[in-house]
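Results of the structural survey
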Amino acid sequence: MSSDTLANLSNEERRFEPPADLANEANVKAEAYDRADSDREAFWADAADRLDWGQKWDQVLDWSNPPFAKWFVGGTLNASVNCVDRHVDAGNGDKVAIHWVGEPDDDTRDITYAQLKDEVSKAANALTELGVKKGDRVAIYMPMIPEVVVAMLACARLGAPHTVVFGGFSADALASRITDCDAQVVITSDGGYRRGAASALKPAVDEAVEKTGDLVRHVLVVRRTGQDVAWDEGRDVWWHDAVDGASSDHEAEMHDSEHPLYVMYTSGTTGKPKGILHTTGGYLTGTSFTHWEVFDLKPETDVYWCTADVGWVTGHSYMVYGPLANGATQVMYEGTPEKGRWWQIVEDYKVTIFYTAPTAIRTFMKQGREIPDGYDMSSLRLLGSVGEPINPEAYVWYREVIGGDRCPVVDTWWQTETGQIMISPLPGVTAGKPGSAMKALPGISADVVDDDARSVGNGNGGYLVLKEPWPAMLRTLWGDDERFKDTYWSRWEGLYFAGDGAKLDDDGDIWLLGRVDDVMNVSGHRLSTTEIESALVSHPKVAEAAVVGAADETTGQAVCAFVILRDSAGDGGEDIVEELRKHVAKEIGAIAKPRQIMVVPELPKTRSGKIMRRLLKDVAENREVGDVTTLADSTVMDLIKEKESSAA
Ligand code: 6R9
């Protein structure tokens, strides 16, 4: 990547030092980098020691058959026991594990660790009664209600790998996942609440089960909304019938450290989704340790809130396994971000640590600071971001408006595949730079390389790679070792290729530049989508921007931008497009000036808040819009198309 066009992002001069009290009391201090460098395996063994093991491991890492790693070889443990029983045994049974906030106002439940242990044990007994045995796969298709956590932990307790499918996915998507991992039991609910209304889930399960022949033996159904559901006697079982009456005594077996914990499907660029396999010991070590490290969790006093949906890896690692293994008290919210509701929850529960995605932050920026300014958020002490590069403007807004200019922001880079956070500031150590995820965490080895796998060195851009195995790494793709090797390990010998472009600035700090397929080539200049998006978002009238490279006869590719204006900007005025083009030219250079800018009401996003640039590219290149099944809201593309035809 040419450094001239990539230089701009890292011209960022602002620095935010950690608050002194946080630095003094930080769980992880600067010496951790050296300790991990001098003995990586000893470092991770210490992290694993924070968990309860049945039998201790004989070997920290077996990397004799790369890329197939084994961590904590010979050790045994139970993830569910680590997430609930051990906190009860330690005398913390009365501590709240989950402050659950339903979407309908006043629908709340506080669940203690003792209650969670009982519920998980009952559910484990009920699943056993339904014939679920160690090793069987169980599909979970549920809204954000406490039973989804109970269901996951009950599966983990039995050693039955779960595969959670986001509740917004279609029956087809559910069916293909059930088939791919051969799940014979599905756990769901009658429905869930979305934007104030009950929305059905069970019909999609019925349709999916239909498509999978006679594979599925039982569907376990939580009653959430009370809406009517079709019922298949013999196959369908109400949760309250099966679980409520079950015994709350359940003796948990210790599973091998490498026993499969779950499969999480991520949409590949084309074709069949990839079933990412995570196992038990390394995954729980990596997630619980980084949750304690990066969020500086003080389990006695913090109230933690991760806004991710449980159907996404962030919900698995940083809402279920990491925080619960650490004995945290956390908020779980059923709804989507509505004006003010999140901040009301922060105020009500005195949330101290808050973890969300840039897309949500930009949406709140769009609505204006008056909304969050109306709430008391002085309890917050740390903010996190995940899912996409966070533009410097969004970072600074987050820090100032949500964090009252006192909370550090940790921009955490990781993937479904990595299982755990890999690149992030340490909140008590790092002076944060808006827009940079900074450095690989202690015990993690990342680099930015060129086409020949050579380190690019400071001041240059290239491909992000991981050089050493880490505890929560994916072990393979479910049932497809070859695709696992091809997808992640075949580009360069011995290196895991993450699929992201990145740049090292002059200090050696890492700037993520988006997926490499998002890097455009305009007249031979490499331009990053992230960089141009950041330039657009730095304009006071712009709330959110998505940039794609569209085929262009003369320049190879041309920059096409889709922008959402802030509410305060009205329609932006007659010359808004020209104003924005000039702004990009001023921020980055004339080469980056978008050929086309479309002002749109919404952007197409996946469930995890990632903009689906592939679809925008279809619009920019005047093609039929492709597969929209993974969109959180599939009507968005119609809105954009309408906008386009009225402009034409
Ligand atoms: C956790 C999660 C992974 C991809 C990843 C990258 C992007 C995630 C990021 C980030 C820049 C960050 N990504 N965090 N890019 N800065 N802090 O998002 O997992 O859904 O598998 O996505 O998301 O492109 O490769 P997943």
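Residues numbered from 1 in each chain as written. Predicted model: local features only at pLDDT ≥ 70, side-chain atom pairs only at ≥ 80, totals over all residues. Heavy atoms only, no water.

Glancing now at the sheet that holds strand E5 (residues 108-112). Pairing in this open sheet of seven strands is mixed, and the strands run E5-E4-E17-E16-E18-E19-E20 from one edge to the other. The open sheet has two free edges, formed respectively by E5 and strand E20 (409-411), since each of these has just one partner strand. When the angles between neighbouring strand axes are averaged without regard to direction, this sheet yields 20°. Direction of pairing for strand E4 (residues 96-101) relative to strand E17 (residues 329-333): parallel, over a ladder of four bridges. Bridge pairing links tryptophan 100 to methionine 332 in E17. (Pairing = 2+ DSSP bridges. Helix = DSSP H or I, 4+ residues; strand = E, 2+ residues; numbered from the N terminus. Axes fitted to C-alpha atoms, helices over the stretch in contact; angles between N-to-C directions.)

Mapped onto the present numbering, the UniProt feature "modified residue: N6-acetyllysine" (unreviewed entry) falls on Lys610. By secondary structure assignment, the location of lysine 610 is in the loop between strand E30 (596-599) and helix H20 (613-620). Side-chain polar atoms of lysine 610 contact the backbone oxygen of glycine 387, separated by 3.1 Å. (UniProt positions renumbered as here; feature names shortened; annotations may be inferred. Polar contact = N/O pair within 3.5 Å; in protein donor to acceptor, adjacent residues only side chain to side chain.)

As a note on interpretation, predicted positions should not be read in detail where pLDDT is low. Chain-level statistics for the protein give a pLDDT mean of 92 and a share of 94% at 70 or above. Interface predicted TM-score (ipTM) for the complex: 1.00; the corresponding pTM is 0.88. (pLDDT = per-residue confidence, 0-100.)

All right, on to the nonpolar core then. In terms of nonpolar packing, the biggest core is built from 116 residues, with Ile140, Leu153 and Tyr321 touching the most fellow members. Considering each element in turn, this core owes the most residues, 10 residues, to helix H7 (residues 146-158). The residues touching isoleucine 140, leaving out its near neighbours within four places in the chain, are Val148, Ala151, Met152, Cys155, His162, Thr163, Val164, Val165 and Ile187. Val331, Trp342, Tyr349 and Phe354 belong to the second largest nonpolar core, which has 30 residues in total. (Core = buried A, V, L, I, M, F, W, Y, C linked by side-chain atoms within 4.5 Å. Buried < 20%, exposed > 50% of the residue type's maximum accessible area, 1.4 Å probe, protein only. Contact = heavy atoms within 4.5 Å.)

With their axes 5 Å apart at the nearest point, helix H3 (residues 31-38) and helix H4 (residues 40-48) run at an angle of 120° to one another. On H4, the residues that touch Ala32, Arg35, Ala36 and Ser38 of H3 are Arg40, Phe43 and Asp46. Here the contact of H3 with H4 is built from residues that sort into three nonpolar, one polar and three charged. (Nonpolar A, V, L, I, M, F, W, Y, C, P; charged D, E, K, R; others polar.)

What follows is about the pairing of strand E8 (residues 185-189). Where a strand is regular, its side chains alternate between the two sheet faces. Here E8 lies mainly inside the structure; five of its five residues are buried. In terms of strand pairing, strand E6 (residues 138-141) meets E8 through four bridges, oriented parallel. Each bridged residue has a counterpart across the sheet, and for valine 138 the counterpart in E8 is valine 185. Relative to strand E11 (residues 218-222), E8 runs parallel, the two being bridged by five bridges. In the strand pairing of E11, valine 186 is matched with valine 219.

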